[in-house]
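# Notes for the structure review
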Amino acid sequence: MISNQIIKSSIEKLKEITKIDFSVRGTDGSVAASTQGSEDVDAATVRQFASSPADSQEVQGHHFFKVMGEEDQTEYILIARGAGEDVHMIGRICVSQLQDLVMAYRERFDKSNFIQNLLLDNLLLVDIYNRAKKLHIVSERSRVVFIIETRHEKDTESMEVLRNMFSDEEGHFITEVDEKSIILVQELEAGGDNYEDIEQTANSIRDTLNTEAMTDVRVAAGTIIHDISQVSRSYKEARMALNVGKIFYSAERVHMYNKLGIGRLIYQLPESLCRMFIKEVFTKQQPDTFDEETLQTINMFFDNSLNVSETARQLFVHRNTLVYRLEKLDKSTGLDIRKFDDALTFKIALMVESYLHYLDSTAS
């Protein structure tokens with residue numbers, strides 16, 4: 001439903017142009033919005049007009065008009081202060097504008113409701129196509145689902161920035177399914193359904209929100225789908241990408257489902273199997289007992305593809321000092337990460353350990 005703030009903004013602009021005061025009432029007589037000096041009509045008079053068969057009427061020096069919605073139901077009563085043909089004509093013009101506004105917002109609401117149910121897999125297949133046709137949504141289009149996780153609940157500013165970036169008229173849908181996530185279902189242009197473009201769009205969303213809404217967000221994307229009935233699948237993939245990204249790639253702010261790699265595999269493993277693996281790998285020292293220097297050395301060594309010289313340079317230590325640290329790690333864990341097989345085992349084990357920490361934190 002259209003907000004009272006939108007209605008108030010609309011009639012205030014109309015007053016600036018026409019110099020006439022307006023009041024928009026509910027059919028029960030309650031004030032939805034008004035300009036200054038236009039609230040001197042009592043609720044009983046409004047209710048009486050709303051229940052009458054007349055579309056417009058002049059009462060007590062005011063022109064009353066019905067603003068119609070779907071199925072010829074009265075949505076609002078517009079009251080224009082003043083008498084005469086000029087006021088009547090201006091009132092009818094205002095009614096036309098308000099009716100277009102009501103219908104536009106109702107269509108947006110209906111589409112948003114449809115997309116929400118689609119994302120959450122709440123619709124039967126036959127209902128998906130029937131409702132899509134009724135809402136003039138083309139079923140067979142290439143689309144992808146993005147999840148934008150914001151720091152603040154109900155981030156309306158970020159929502160408006162996204163609406164400016166992705167217009168409904170271009171086939172995009174923006175909605176919410178929880179307090180801290182904004183969902184974008186983007187319709188892709190012909191020939192634009194490749195993951196390089198999608199990742200570029202995700203980075204653009206992050207940069208724009210950072211600049212215009214002054215907020216740091218995480219953006220996750222599912223895979224490309226080619227039918228409206230597959231939207232739920234892309235949404236679930238984007239949700240998994242967001243969760244996996246926060247666990248294993250927390251320094252990054254954009255997470256693509258098709259680039260999750262081994263993190264996605266670990267995320268889907270049973271917890272019992274993960275705990276068993278950690279016990280088998282770290283028989284001497286557990287990774288949560290490593291000091292900060294050891295962890296920094298391990299991460300830098302992996303970031304530099306097991307290159308000892310480059311790692312030593314970036315850590316600002318002598319090569320022999322780094323070799324000493326790696327040998328010390330070998331003695332305490334039984335794994336020599338200078339060897340590829342041991343390095344692979346160690347890297348996977350650290351990721352599994354991160355996953356178990358995530359499970360423990362969400363359970364508490």
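Our subject is the structure listed above.
Structural notes, computed from the coordinates.

## Examining the layout of surface pockets
- Reported here for the largest pocket is a volume of approximately 1,000 Å³.
- Lining the largest pocket are 37 residues, with Arg108, Phe109, Arg163, Asp168 and Ile174 positioned closest to its centre.
- Those elements that provide at least two residues to the lining of the largest pocket are helix H3 (85-119), helix H5 (156-165) and strand S7 (173-176).
- Here the element with the most residues in the lining of the largest pocket is H3; it accounts for 10 residues.
- Classifying every residue of the lining of the largest pocket gives 12 nonpolar, 11 polar and 14 charged.
- By volume, the second largest pocket amounts to about 510 Å³.
- The wall of the second largest pocket is formed by 19 residues, among which Asn299, Lys347, Leu350, Met351 and Ser354 lie closest to the centre.
- Across the lining of the second largest pocket, the residue classes tally to 11 nonpolar, four polar and four charged.

## A word on the packing of aromatic side chains
- With the rule as written, the count across this model stands at nine aromatic pairs.
- Taken together through their ring pairs, the aromatic side chains of Phe248, Tyr249, Tyr267, Tyr355 and Tyr358 make up a single cluster.
- Lying across the ring of Phe49, Lys66 places its NZ or CZ 5.4 Å from the centre.

## Here we look at the pairing of strand S5 (residues 74-81)
- Where burial is concerned, most of S5 is hidden: six out of the eight residues are buried.
- Here four bridges tie strand S1 (residues 22-25) to S5, and the two strands are oriented antiparallel to one another. Along S5, the bridge assignment pairs Val24 with Leu78.
- The pairing of strand S4 (residues 62-68) with S5 spans seven bridges and is antiparallel. In the strand pairing of S5, Met68 is matched with Thr74.

## Considerations on the sheet that holds strand S2 (residues 31-34)
- An order of S2-S1-S5-S4-S3 is seen for the five strands of this open sheet, with the pairing classed as antiparallel. The two strands at the open ends of the sheet, each matched to only one other strand, are S2 and strand S3 (56-59). Neighbour to neighbour, the strand axes of the sheet diverge by 20° on average, direction disregarded.
- Alignment of S1 against S2, held across three bridges, turns out to be antiparallel. Paired with Arg25 across the strands is Val31, a residue of S2.

## Quick look at the sheet that holds strand S6 (residues 143-149)
- Overall, mixed pairing links the five strands, which are arranged S7-S8-S6-S9-S10 in an open sheet. Of all strands in the sheet, those bounded by a partner on one side alone are S7 and strand S10 (254-256). Between one strand axis and the next, the sheet turns by 20° as a mean value, whatever way the strands run.
- Alignment of S7 against strand S8 (residues 181-187), held across four bridges, turns out to be antiparallel. Across the sheet, residue Thr175 finds its bridge partner in S8, namely Ile183.
- Of the strands in this sheet, S6, S7 and S8 are in contact with H5, which crosses S7 at around 165°.

## Re the environment of Ile79
- With respect to the element layout, Ile79 can be found in strand S5.
- Using a relative accessible area of 1% as the deciding quantity, one classes Ile79 as buried.
- Expressed as a C-alpha distance, the spacing of Ile79 and Ser56, which sit 23 residues apart in the sequence, is 9.6 Å.
- Among residues more than four places away in sequence, those in contact with Ile79 are Asp21, Phe22, Ser23, Arg25, Val41, Val46, His62, His63 and Phe64.

## Digging into unusual backbone geometry
- Positive phi, close to 55°, is recorded for Ser305, a residue that is not glycine.
- Along the chain, Ser305 turns up in the loop between helix H10 (292-303) and helix H11 (308-315).
- Its relative accessible area of 61% is what places Ser305 among the exposed residues.
- Phi at Phe316 takes a positive value of approximately 60°, unusual for a residue other than glycine.
- Turning to its location among the elements, Phe316 is positioned in the loop between H11 and helix H12 (319-333).
- Looking at Phe316, the relative accessible area reads 78%, which means it is exposed.

## So, helix H2 (residues 43-51)
- Inspection of H2 places Thr45, Val46, Phe49 and Ala50 among the buried residues, and these make up the whole buried set. Viewed along the axis of H2, the buried residues span an arc of 135°, placing them on a single side of the element. In this structure, H2 carries Gln48 and Ser51 as exposed residues pointing more than 90 degrees from its buried face.

Conventions and cut-offs
- Residues numbered from 1 in each chain as written.
- Predicted model: local features only at pLDDT ≥ 70, side-chain atom pairs only at ≥ 80, totals over all residues.
- Heavy atoms only, no water.
- 1 Å grid on protein atoms, 1.4 Å probe; cavity = no way out; pocket = protein on both sides within 12 Å on 5 of 7 lines; lining within 4 Å.
- Points joined across faces, edges and corners; volume = space filled by probe spheres on them.
- Helix = DSSP H or I, 4+ residues; strand = E, 2+ residues; numbered from the N terminus.
- Nonpolar A, V, L, I, M, F, W, Y, C, P; charged D, E, K, R; others polar.
- Phe/Tyr/Trp six-rings, centres within 6.5 Å; stacked < 30°, edge-to-face > 60°.
- Lys NZ or Arg CZ within 6 Å of the ring centre and 35° of its normal.
- Buried < 20%, exposed > 50% of the residue type's maximum accessible area, 1.4 Å probe, protein only.
- Pairing = 2+ DSSP bridges.
- Axes fitted to C-alpha atoms, helices over the stretch in contact; angles between N-to-C directions.
- Contact = heavy atoms within 4.5 Å.
- Arc of directions from axis to C-beta.

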